[in-house]
Amino acid sequence: MKSDTIITTEHLNLWYGTNHALKDICMELPDKKTTAFIGPSGCGKSTLIRCFNRMNDLVDPCTITGTISYHGRDLYGPGCDPVAVRMKIGMVFQKPNPFPKSTYENVAFGPRIHGIKDKNKLDEIVKESLQKAALWDEVSDRLFDSALGLSGGQQQRLCIARTLAVNPEIILMDEPCSALDPIATAKIEDLIEVLKRDYCVIIVTHSMSQASRVSDYTAFMYLGDLIEFGETRQIFENPKEELTENYITGRFG
Amino acid sequence: MRTEMASIHGAVAEMGEYALVMLTESLDALYVNDKQKALSVIQKNPSLTVQYRTLEEEMFRFIAIYQPVARDMRKMVCSIRLIYNFERIGRMGKDIAKMIIDFPDVNHRPCITSISSMGEAVTKMISDCVTAYLKEESDQILEMYKRDDIVDSLYEIVVEETIRWMNQVSVMIPVGASYLIIARLLERCGDQACNIAEMVIYMISGERPVFL
């Protein structure tokens, strides 16, 4: 069915206190593809992707059972450094959140934290990351201006560049276009199409049309359960589960 | 959205019925050489065109506004394809009627039996397709290809009989030539019915049948 698997979940369950937010999730996410997570609010999609980069470690109380494997290694196993995980599995959030620094410093921040101090190397990383995020041409003449002066769409692409700067393998995107206008959204979607050639992209979205446009695979979740997972074309043309069809056709949700 | 979709669905089925009436009435006119009836079929054509254009615009608008997916998408795609098929069927009815206008007032009954069997088979196929589309039930159209095979066989018989008749009664050659064209149009209507059945089955099940 799919190309090489990069993340596998086996009987993954998560509780926020007594709230059973993820129920026995078993799935395999393909590398170098885009997978969209869809479902009504509160279904667990953001919770699930936050499991992939251990962001839920920062939530208390939060209990996880089951396993999440990344390249066959347990992400929650002993000796697995969450900071290193977040370098390899980066995240872009719904609201663009550039640091109150220059564009250059935003992108260079991560590599510096991870020990890169050589200026030429940093310049190279910043340029390459901004190029990969399709932002370089728009900011190359004002790299040292405040990033807060960029437009919403540019700020979001800056956040993507910031993620790319630390050389991830997976990019998690939690409704990355919700706060953007249609033109900025289109640019992000075009960027996703390019990024998936080199990275695994996982995107949470409320837009059915966006999911059908940008993704190769789609996962539909409902009340903490994974209802259906399959090729996007099949999900949106002829879903197997009635619940999936009722959701994507707007009969509920 | 649901109301609009139901309205479009009903209107497409009505267009199918209208096109079928054009074909059926043209054949009725053929069997008794009724030029008045043939004329009334021709006069139905502008209305068919209006229905086609109106429905096409409504469906394009629906797709642009609602971006349907899954069964809604399949229904809309099927409906767009069906109005093209129905428009072709209605026009073939009109083409048959136009030929009847030019028929001489002579007895051409020898050819009628086979072609009436063919006409009956084809109109029943189309009728079943329209019903299947309207009710969203595919039981009656799953083996449409077998019925089309029968129509193709009847076509061969009509051609053979008509040619034999033209050889025997040379003054009827112009009429015979029209019969050959009418038989060909009916054979194509049978193919249209198969195309419609395939789309309706896809609309209902999401699977594309293989009609050989």
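The structure reproduced in this document is the subject of the present report.

Criteria and cut-off values
- Residues numbered from 1 in each chain as written.
- Chains lettered and ligands numbered in written order.
- Predicted model: local features only at pLDDT ≥ 70, side-chain atom pairs only at ≥ 80, totals over all residues.
- Heavy atoms only, no water.
- Helix = DSSP H or I, 4+ residues; strand = E, 2+ residues; numbered from the N terminus.
- Salt bridge = Lys/Arg side-chain N within 4 Å of Asp/Glu carboxyl O.
- Buried < 20%, exposed > 50% of the residue type's maximum accessible area, 1.4 Å probe, protein only.
- Contact = heavy atoms within 4.5 Å.
- Pairing = 2+ DSSP bridges.

1. Describing unusual backbone geometry
Peptide bonds are mostly trans, and most non-glycine residues show a negative phi. The amide bond that connects A:D60 to the next residue, A:P61, takes the cis arrangement and shows omega of 0°. Structurally, A:P61 can be placed in the loop between α1 (45–52) and β4 (63–70).

2. Some remarks on the pattern of salt bridges
Residue and element names in this part refer to chain B. The final tally for this structure, using the stated rule, is 23 salt bridges over all chains. Between E136 and K75 there is a salt bridge whose closest N-O contact spans 2.9 Å. One end of the pair, E136, is in the loop between α4 (112–135) and α5 (144–168); the other, K75, is in helix α3 (residues 70–101), with 61 residues separating them in the sequence. Owing to a relative accessible area of 36%, E136 belongs among the partly exposed residues under this scheme.

3. Focus on the environment of A:G39
Residues and elements named next belong to chain A. Relative to the helices and strands, G39 resides in the loop between β3 (34–38) and α1. By relative accessible area, which is 0% here, G39 ends up buried. Each C-alpha atom, one on G39 and one on V204, is 8.9 Å from the other, the two residues being 165 residues apart in sequence. With near-sequence residues (within four places) excluded, G39 lies in contact with K45, H206, F220, M221 and Y247.

4. Points about the pairing of β4(A)
Residues and elements named next belong to chain A. Where strand β1 (residues 5–16) lies against β4, seven bridges are found, and the strand directions are antiparallel. Residue pairing in the sheet places E10 in a bridge with T67 of β4. The sheet contact formed by β4 and strand β5 (residues 73–74) spans two bridges and is antiparallel. For Y70, the partnering residue across the bridge sits in β5 and is R73. Turn length for the β4-β5 hairpin, with the two strands adjacent in sequence and antiparallel, is two residues, and the turn residue H71 shows positive phi of about 50°.

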